[in-house]
Amino acid sequence: MIWDSEFALSILPDLLQGLWVTVQITLAGTVIAMILGLVVAVIRFSRLPVVSQLFNFYVQFVRGTPLLIQAYCAFFILPNYGLSFSPMATGIVVIGINYSAYTAEVYRSGIHDVPPGQWEAAKALNLPIGATWTRIILPQAVRSVIPLLGNYLIQMFKDSAVLSAITVFELLAHAQAIGSNNFRYLEPLTIAGLLFLLVSYPASQMVRRLERRLAPAH
Amino acid sequence: MPPHIDTESAPVPESTPAAAREVMISFDDVSKRWGDNEVLRSLNFDVKSGEKVSIIGPSGSGKTTILRILMTLETPDTGLVTVNGETLWDVKPGSRPKETKQMRATRRHVGMVFQQFNLFPHMTALENVLEAPTRVLKLDKEEARQRSVELLEMVGLSKHLDHKPPKLSGGQQQRVAIARALAMRPKVLLFDEPTSALDPELIGEVLNVIRELAVSTDMTMLMVTHEMRFAEEISDRVVMFDHGSVVEQGPPGEIFKAPKEDRTKSFLHAVLSH
């Protein structure tokens, strides 16, 4: 099979449309993962008797099962219980929840690295626990883990291809469709791969630069 | 002469002898142990309102624990601790006390200056001072800002309002920390070895600020320190502490010039001879 540039060029707009969907999934999934992960991390850290245990299990469960199974469950099983959403919405929520388990761990390490003296100073000023978290602890904890969070964001961008399995029409699904319609997989899959790389490579360079800039945090 | 330091109550007239004032801090039969180490043994210890007390003694003798219990950073195993006549700790043997509303209310009277400063590194000097008054005392923004600027001027940092802690020297950081504690208008200010983490040439600037507070305010001050000459100069009373209990206490002239206990003598000999 020889590379057909004309064919490649003709399918590019279609693939770019797929890329746009992938980017949208990643951005929406990131918002869910960043916020949910933060909530989970703070609750786990607060050592509330039963609740913290529950969230420990949540993190272990989500991290211990494949993303594809989680996506299948949400897509094929939940509708049986009357919970039916578009593939796109389902995909975003599934990948957001999946990554929240990882971001929760990242936040946890960031929270853990805030020196005990910061908690003590907050207490000595009689700051309420809520303000201690939002004003003192989290700004420091999150700042130090931004590069790590960035890496997970890039990973999520690539992992979103899994959602093609539940008919989310993102980049890989577009490539597959073009391939099966034209009986030519070389160009669509190659271009899809290159498009993933085109976004993820500069993104990881940016994360690396952030890492260097944030390194001397204290 | 720095401007007058504004604390909640008016300065106490010179004529009021310390003995006639009311009790501000009271430890009643307070014990604390870490495993086999008895950090406090049935401590009974009072500090009067406005009194400046220095606690001296060897490292690991439990001095800092007294301050940390007053700041509720540590929990006594048993005993009663009151501040300003209000209960801070009331711990029966075997019980595990939790943070209560009462404790938070009483804690408001107490402020603390830490050995490691513990400034918030992501905030400027001014924001460090401003944070608690606006959030906890709910002061008006402009008024709180005004006061915070004044406090930072008082500790000699008017040029560093917008600098973050990593840009400040240790001495400057500690002075910001003092201003931050003062901003909450505490009745009691605790100093936990405030100069121990400082380079020698920066100790003086911090001691000057503390000295100024000692002479010009009626705040109750309780200080753990290794600066013996400073303790002698500013304290109304010096407490020699070892192995979880008070060895002896009295006016600085007595403790430093004519200690009665052998343990005090040997400790002073060791720290003053180098």
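Look up: the structure comes first, before these words.
So, here is what we can say about the structure in this document. Residue indices begin from 1 for each chain and proceed along its sequence in written order. Each chain is given a letter, starting from A, and each ligand a number, starting from 1, according to the order in which they appear as written. At least 70 in pLDDT is required for a residue's local features to be given in this predicted model, at least 80 for side-chain atom pairs to be given and counted, and no such filter applies to totals for whole chains, interfaces and linings, which use all residues. Note that water and hydrogens are dropped before the side-chain values are worked out from all heavy atoms of the structure.

**Structural notes on unusual backbone geometry**
All names here are of chain B. For clarity, the threshold we go by: Every helix listed is a DSSP run of H or I at least four residues long, and every strand listed is a run of E at least two residues long, numbered separately from the N terminus.
Although it is not a glycine, asparagine 118 sits at a positive phi angle of roughly 55°. Of note, asparagine 118 is situated in the loop between strand 6 (110–113) and helix 3 (125–135). Positioned with a positive phi, glutamate 193 is a non-glycine residue whose angle comes to about 45°. Looking at where glutamate 193 falls in the secondary structure, it is placed in the loop between strand 7 (188–192) and helix 6 (200–216).

**Here's the deal with the layout of surface pockets**
Under the convention used in this document: Cavities and pockets are defined on a 1 Å grid built over the protein atoms alone: a cavity is a set of grid points where a 1.4 Å probe fits but cannot escape, while a pocket is an open set with protein on both sides within 12 Å along at least five of seven lines, and lining residues are those with an atom within 4 Å of any such point. Grid points are joined across faces, edges and corners, and a volume is the space filled by probe spheres set on the points. When residues are grouped by polarity, Ala, Val, Leu, Ile, Met, Phe, Trp, Tyr, Cys and Pro land in nonpolar, Asp, Glu, Lys and Arg in charged, and all others, Gly among them, in polar.
Roughly 1,400 Å³ of internal volume is contained in the largest pocket. When its residues are assigned to classes, the lining of the largest pocket shows 18 nonpolar, eight polar and 15 charged.

**A few points about the packing of aromatic side chains**
Which entries qualify depends on this criterion: Two rings from Phe, Tyr or Trp (for Trp, the six-membered ring) form a pair when their centres are within 6.5 Å of each other. A pair whose planes differ by under 30 degrees is stacked, one over 60 is edge-to-face, and the rest are tilted. Using a 1.4 Å probe on the protein chains alone, a residue whose accessible area is under 20% of its type maximum counts as buried, one over 50% counts as exposed, and one in between counts as partly exposed. Lysine and arginine charges are scored as sitting over a ring when NZ or CZ, respectively, is within 6 Å of the ring centre and within 35 degrees of the ring normal.
Under the counting rule described, the total for this entry stands at 12 aromatic pairs over all chains. Taking the centre distance of 6.2 Å and the plane angle of 55° together, the rings of phenylalanine 55 of chain A and tyrosine 58 of chain A count as tilted. With a gap of three residues between them, phenylalanine 55 of chain A and tyrosine 58 of chain A both fall in helix 2 (residues 49–64), about one helical turn apart. Look at phenylalanine 55 of chain A and you get partly exposed, because its relative accessible area is 22%. Taken together, the ring pairs connect Phe45, Trp119 and Trp133 of chain A into an aromatic cluster. The positively charged end of lysine 32 of chain B is found above the aromatic ring belonging to tryptophan 34 of chain B, 4.5 Å away from the centroid.

**Digging into the interface of chain A and chain B**
Quick reminder of the rule: Contacts between residues were defined by any pair of non-hydrogen atoms, one from each residue, lying within 4.5 Å. When two parts are put together, the accessible area they lose, computed with a 1.4 Å probe and summed over both, is reported as buried area. Any carboxyl oxygen of Asp or Glu that lies within 4 Å of a side-chain nitrogen of Lys or Arg is treated as forming a salt bridge with it. We call two N or O atoms a polar contact when they sit within 3.5 Å, provided that within protein one can donate a hydrogen and the other can accept it, with sequence-adjacent residues counted only if both atoms are side-chain atoms.
At the interface, 17 residues of chain A touch 25 residues of chain B. Buried surface at the junction of chain A and chain B, summed over both partners, amounts to about 1,800 Å²; 62% is from carbon and sulfur atoms. Broken down residue by residue, the surface that chain A buries against chain B is led by Lys123, Leu125 and Asn126 of chain A, which jointly contribute 35%. Our enumeration of links across chain A and chain B arrives at three salt bridges. Linking lysine 123 of chain A and glutamate 99 of chain B is a salt bridge whose minimum nitrogen-to-oxygen distance equals 4.0 Å. Joining chain A to chain B, the criterion identifies eight residue pairs in polar contact (both at pLDDT 80 or more). Of all the elements in the fold, those that place two or more residues in the side of chain A that touches chain B are helix 5 (116–124) and helix 6 (129–159) of chain A. The element that contributes the greatest number of residues to the side of chain A that touches chain B is helix 5 of chain A, accounting for seven residues. Taken together, the residues of the side of chain A that touches chain B sort by class into nine nonpolar, five polar and three charged.

**Considering empty space enclosed by the protein**
Residues and elements named next belong to chain B. Evaluated as defined, the whole model comprises four cavities of 30 Å³ or more. The volume enclosed by the largest cavity comes to roughly 40 Å³. With three residues, helix 5 (residues 170–182) is the largest single contributor of residues to the lining of the largest cavity. Along the lines of polarity and charge, the residues of the lining of the largest cavity split into seven nonpolar, one polar and one charged.

**Side note on the nonpolar core**
Residue and element names in this part refer to chain B. Operational definition: Residues enter a nonpolar core if they are buried and are Ala, Val, Leu, Ile, Met, Phe, Trp, Tyr or Cys, with the set joined through side-chain atoms within 4.5 Å.
Counting residues in each nonpolar core, the largest one holds 55 residues, and the members touching the most others are Phe27, Leu70, Leu190 and Leu222. Those residues in contact with leucine 70 that lie beyond four places of it in its chain are Ile25, Phe27, Val81, Val83, Leu88, Val110, Leu190 and Leu222. Ala177, Leu189, Ala214 and Met221 belong to the second largest nonpolar core, which has 36 residues in total.

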